Amino acid sequence: DESQRFLGQSESEDGGRTWSMIRRTEMWGYPPHIIRLNDGRLLVVYGHRRKPYGQRACLSNDDGRTWDLKNEIALVDDAPDGDLGYPASAQLGDGTVLTIYYQKDQPADKPCLMATHWRLPGPK
């Protein structure tokens with residue numbers, strides 16, 4: 001059921017030996033990739049497999065307790081369909097982020113690896 005593709009979140013306080021129950025976030029998309037940025041914020045990127053198709057990102061200033069969905073970042077919002085996703089991000093030395101993912105460029109194309117090099121909004 002596409003309407004139920006919200007990201008789930010679980011935390012560990014013992015280095016990954018045990019995990020909390022999964023709770024639903026308000027971020028819609030899948031699958032996610034999360035990194036801690038140099039300034040301490042968390043960044044999650046995820047495929048958005050419904051119109052407008054593309055790749056999205058959200059930031060957390062409080063170790064994932066809340067996510068700034070009001071300022072969800074659309075890295076790409078013009079993919080031709082929902083055959084996309086599996087993003088992964090890395091923060092580069094200059095503070096920018098490189099996010100790679102797979103998706104189609106044009107409707108008749110086969111999916112390929114693509115990348116978006118982007119700047120983060122400042123901490124709030």
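The rules behind these values
Residues numbered from 1 in each chain as written. Predicted model: local features only at pLDDT ≥ 70, side-chain atom pairs only at ≥ 80, totals over all residues. Heavy atoms only, no water. Helix = DSSP H or I, 4+ residues; strand = E, 2+ residues; numbered from the N terminus. Rg over C-alpha atoms; globule rule 2.2 N^0.38 Å. Buried < 20%, exposed > 50% of the residue type's maximum accessible area, 1.4 Å probe, protein only. Areas by Shrake-Rupley, 256 points an atom, 1.4 Å probe, with all protein chains shown as cover. Lys, Arg positive; Asp, Glu negative; His and termini not counted. Charge placed at Lys NZ, Arg CZ, Asp CG, Glu CD. Pairing = 2+ DSSP bridges. Axes fitted to C-alpha atoms, helices over the stretch in contact; angles between N-to-C directions.

Visitor: Can you help me understand the overall build of the protein chain in this one?
Guide: On a plain count of helices and strands, the protein chain comes out with zero helices and nine strands. Starting at the N terminus, the α and β elements of the protein chain follow one another as β-β-β-β-β-β-β-β-β. Against the 2.2 N^0.38 benchmark of 14 Å for 124 residues, the protein chain shows a C-alpha radius of gyration of 15 Å, consistent with a compact globule. On the principal axes, the C-alpha backbone points of the protein chain span a range of 45 × 40 × 30 Å. Evaluated residue by residue, the protein chain yields a buried proportion of 39% over its 124 residues. When the accessible surface of the protein chain is split by element, carbon and sulfur atoms take 52% of a total near 7500 Å². In the protein chain, the 16 positive side-chain charges and the 18 negative ones have mean positions that sit 2 Å from each other.

Visitor: What's the story with the sheet that holds strand β9 (residues 112–118) in this structure? I'm lost.
Guide: Note on sheets: strands pair through backbone hydrogen bonds, and any given pair is parallel or antiparallel. One open sheet accounts for three strands, arranged β7-β8-β9; its pairing is antiparallel. One side of each edge strand has no neighbouring strand; the edge strands of this open sheet are β7 (85–91) and β9. The sheet shows a mean angle of 20° between the axes of neighbouring strands, taken without regard to direction. With five bridges connecting them, β7 and strand β8 (residues 97–103) associate as antiparallel partners. Within β8, the position partnered with G85 by the bridge is Y102.

Visitor: Would you take a moment to explain unusual backbone geometry for this structure?
Guide: Working note: non-glycine residues mostly have negative phi, and peptide bonds are mostly trans. Cis geometry is adopted by the peptide bond preceding P31, which originates at Y30 and carries an omega value of -15°. Tracing the backbone shows P31 in the loop between β2 (23–28) and β3 (32–36). Look at the link from K51 to P52: it is a cis peptide, with omega at -10°. Here P52 is to be found in the loop between β4 (42–48) and β5 (54–60). Positive phi, close to 60°, is recorded for D63, a residue that is not glycine. Examined against the element boundaries, D63 turns out to sit in the loop between β5 and β6 (73–76).

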